[in-house]
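What follows is the residue order along each chain.
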Amino acid sequence: MSTAPQIDHEPRSAEKPLTLVRGDGATEVVRMAGEPAATVTSHAAAALPDERSYAGPLGFVRKLADRAREDVDGAIERDPAANSRLEMVLTSPGLHAIWAHRGLHELWKRPGGRLPARVLATVTRSITGVEIHPAARLGRRFFIDHGMGVVIGETAEVGDDVMIYHGVTLGGRSMEHVKRHPTVGDRVTIGAGARVLGPIRVGDDVQIGANSVVVKDVPAGAVATGIPAVIRFPKRDATNQWLDPAMYI
Ligand SMILES: CC(C)(COP(=O)(O)OP(=O)(O)OC[C@H]1O[C@@H](n2cnc3c(N)ncnc32)[C@H](O)[C@@H]1OP(=O)(O)O)[C@@H](O)C(=O)NCCC(=O)NCCS
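Residues numbered from 1 in each chain as written. Predicted model: local features only at pLDDT ≥ 70, side-chain atom pairs only at ≥ 80, totals over all residues. Heavy atoms only, no water.

> Help me understand the overall build of the protein, please; the structure alone is not making it clear to me.
In terms of regular secondary structure, the protein is built from four helices and 17 strands. For the protein, with 249 residues in total, the buried portion stands at 47%. Put simply, 38% of the contacts in the protein that link residues at least 6 apart link residues at least 24 apart. For the protein, the accessible area works out to roughly 12,500 Å², and carbon and sulfur atoms hold 59% of it. (Helix = DSSP H or I, 4+ residues; strand = E, 2+ residues; numbered from the N terminus. Buried < 20%, exposed > 50% of the residue type's maximum accessible area, 1.4 Å probe, protein only. Contact = heavy atoms within 4.5 Å. Areas by Shrake-Rupley, 256 points an atom, 1.4 Å probe, with all protein chains shown as cover.)

Shown next as structure tokens:
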């Protein structure tokens, strides 16, 4: 039997921190250095909307369709080059990669699903240029513009309404089999080529500049630019980051 520790991929929260399951069956609670009670929740496990039940035989299909529609709408909202839903569905490698990931994440969680999920993630990568580990947790309306060169690691967690550009890495700095990738809050924008490394927390409404290297926590509402990233707080309303999408062209 392998003695390599396994990561428990249940949603992280203040009540349920990340747990390591070791080869001998023993478990160990893992917290990041200096980690307080979680402030960024795991949005990938967010509850379904109250107004609609997805119970019943076709519930899963309806849920998939609803999620896909909101993904496309979110992408159109944030991509000034988009002309129609159909165009986005047919031509956005970022959407294709995210949709593939949603299926592969479900496969990953099933018994015996890990190897096929990894294999299919590799196939997706060769088609889209986007590498997302099937265990990574992605929130709703996540959008990857341009796609190519994005890498999202195994223990990364990404909130809702996050937008990243090509070349972004949500990577680790440790070889240990623990939580080693970033936790990204809601409405975060990560510019092209940025590297966000280690089990750090990126707060809600943060903007990370193109080609920046972020290795420390970023507080909510901040702008992080440079290598290593320097934090500042913009005067304008950071939640209106999509108001003038032309600024990102
Ligand atoms: C980080 C970002 C959101 C900041 O936007 P902003 O708040 O409007 O900031 P400003 O443009 O007013 O710049 C403020 C300062 O940060 C600097 N800065 C901006 N982006 C930077 C970056 N990526 N790296 C280093 N410094 C940067 C500016 O030079 C300026 O410096 P100064 O005060 O010394 O003149 C934006 O610059 C950015 O990088 N967006 C990502 C765009 C992208 O990836 N586009 C891909 C399209 S395909």
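> Help me understand the environment of Val206, please; the structure alone is not making it clear to me.
Along the chain, Val206 falls in the loop between β13 (201-202) and β14 (207-208). By relative accessible area, Val206 is classed as buried at 0%. Considered as a pair, Val206 and Gly185 are 21 residues apart in the sequence and their alpha carbons are 8.0 Å apart. Leave out the neighbours within four places in its chain, and Val206 touches Arg187, Val188, Thr189, Val218, Pro219, Ala220, Gly221 and Ala222.

> What is the right way to read a nonpolar patch on the surface from this model?
On the surface, a nonpolar cluster with roughly 490 Å² of combined accessible area is contributed by Leu115, Val119, Leu120, Val123 and Ile127. Position of Val119 relative to the elements: it lies in helix α4 (residues 114-128). Judged by relative accessible area, Val119 falls into the partly exposed class, the value being 44%. (Patch = residues over 30% accessible without salt bridge, like charges linked within 9 Å, V, L, I, M, F, W, Y side chains within 5 Å. Salt bridge = Lys/Arg side-chain N within 4 Å of Asp/Glu carboxyl O.)

> How should the sheet that holds strand β16 (residues 223-225) be read in this particular structure?
Strand pairing in a sheet relies on backbone hydrogen bonds, with the paired strands running either antiparallel or parallel. The six strands are arranged β5-β8-β11-β14-β16-β17 in an open sheet whose pairing can be described as mixed. Of all strands in the sheet, those with a lone pairing partner are β5 (143-145) and β17 (230-232), marking the two edges. Pairing geometry for β5 and strand β8 (residues 163-165), over three bridges, is parallel. Within β8, the residue paired with Phe143 across the bridge is Met163. (Pairing = 2+ DSSP bridges.)

> Honestly, the confidence of the model for the protein in this entry has me stumped. Any pointers?
Mean pLDDT over the protein stands at 82; residues scoring 70 or higher make up 73%. Ignoring residues within four places in sequence, the model shows residues 1-5, a span with pLDDT below 50, making eight contacts including any to other chains. Low pLDDT, under 50, characterises residues 9-48; the predicted model gives this stretch 87 contacts beyond four residues in sequence or across chains. (pLDDT = per-residue confidence, 0-100.)

> What exactly am I supposed to notice about the sheet that holds strand β10 (residues 183-184) here?
The strand order across the open sheet formed by three strands is β7-β10-β13, and the pairing between neighbours is parallel. Whereas interior strands pair on both sides, the edge strands pair on one side only; in this sheet they are β7 (157-158) and β13.

> Any chance you could explain unusual backbone geometry here in plain terms?
Glycine aside, residues mostly have negative phi, and peptide bonds are mostly found in the trans state. Here the amide bond leading from Ile227 into Pro228 is cis, since omega sits at -15°, within 30 degrees of zero. Note that Pro228 resides in the loop between β16 and β17. Positive phi values are uncommon outside glycine, yet His146 reaches one of about 75°. Topologically, His146 is positioned in the loop between β5 and β6 (150-152). You will see that Asp205, though not glycine, has its phi angle at about 65°, which is positive.

> Looking at this model, I keep getting lost on the pattern of salt bridges. Mind explaining?
One pass over the structure, following the stated rule, counts 13 salt bridges. Arg141 serves as the salt-bridge partner of Glu70, at 3.2 Å between the closest nitrogen and oxygen. Placement of the pair is Glu70 in helix α1 (residues 59-78) and Arg141 in the loop between β4 (130-132) and β5, with a sequence separation of 71 residues. One salt bridge connects Lys179 with Glu157, and the closest N-O pair in it is separated by 3.2 Å. With Lys179 in the loop between β9 (169-171) and β10 and Glu157 in strand β7, this residue pair connects regions lying 22 residues apart in the sequence. In this structure Glu157 comes out as buried when scored by relative accessible area, which is 6%. A single salt-bridge network, built from bridges that share partners, covers Glu70, Arg140, Arg141 and Asp161.

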